[in-house]
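Fold and contact review
Spelled out from the first residue to the last, the chains are:
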Amino acid sequence: ERTRAGDHEGALASLLQASQMDPDNAEVRALVERARRSRDRKQEQVRLAGELEGLATRAEALIENGELDEAEELLTAGEVKYGTRKVIASLRVRIEEVRFHRREKDAGEKLKKAYRYLQSGNLAMAEEAVSEALALSPALPEAQRIRHEIEERRSAEKRQQVIAAARSAIRECLDAGDLEG
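**With respect to the environment of Leu134**
As for its placement among the helices and strands, Leu134 is situated in helix H5 (residues 123-136). Along the primary structure Leu134 and Leu111 are separated by 23 residues, whereas in three dimensions their C-alpha atoms are 9.0 Å apart.

**A short note on helix H4 (residues 86-120)**
Taking 1.5 Å of rise per residue, 35 residues should cover 51 Å, and H4 covers 51 Å from first to last C-alpha, within 8% of that figure. For H4, the set of buried residues is Ile88, Leu91, Arg92, Ile95, Ala107, Leu111, Ala114 and Leu118. Those residues of H4 hidden inside the fold are in contact with helix H2 (26-64), helix H3 (68-82), H5 and helix H6 (141-176). Positive phi appears at Gly121, one or two residues downstream of H4, with a value of about 90°.

**Re the side chain of Arg92**
The topology assignment puts Arg92 in helix H4. A polar side-chain atom of Arg92 sits 2.9 Å from a polar atom in the side chain of Thr76.

**Here's the deal with H5**
With 14 residues, H5 should cover 20 Å at 1.5 Å per step; its first-to-last C-alpha distance of 20 Å lies within 8% of that length. Taken residue by residue, H5 has Leu123, Ala126, Ala129, Val130, Ala133 and Leu134 as its buried positions. Taken down its axis, H5 places every buried residue within 140° of arc, on the same side. Buried positions along H5 lie against H4 and H6.

What counts as what
- Residues numbered from 1 in each chain as written.
- Predicted model: local features only at pLDDT ≥ 70, side-chain atom pairs only at ≥ 80, totals over all residues.
- Heavy atoms only, no water.
- Helix = DSSP H or I, 4+ residues; strand = E, 2+ residues; numbered from the N terminus.
- Expected span 1.5 Å × (residues − 1).
- Buried < 20%, exposed > 50% of the residue type's maximum accessible area, 1.4 Å probe, protein only.
- Contact = heavy atoms within 4.5 Å.
- Polar contact = N/O pair within 3.5 Å; in protein donor to acceptor, adjacent residues only side chain to side chain.
- Arc of directions from axis to C-beta.

Spelled out as structure tokens, the structure:
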């Protein structure tokens, strides 16, 4: 009864008393062994739970400090030692969430940079910054808008170059007196 209630030590103590009263009783000896195994399993569970809690605490501290690769390594070692556990899986999800937010933040910074380059007319650098942002987070609508703006400006520049070249050719013809040129 005490074993079912989780009082392994109390059950074992009662059984040891009973075995002292009747040392030849095989049933009591078997119950003593069962109680010892049950107590040992419980102690092992408590020890493992403590180790897992320590591992989780260390991993959480690494995550908080931004040391995601180190946290990942610690969790992998934990899986090797303890197998797949909920706490390890939830910490892996947390690492991925932190990585996702970092990528989004970095992509946002790249977009700000792209916008500044675009405003200053440096289309090559703007395009490079947009490409970097999209590499971090491929579905950014703002990046697509800036990329479209870059294409529009390049098209406008090409049109201006064609117009300038045509004007120059017309001037040369006019200066040469060759209107059919």
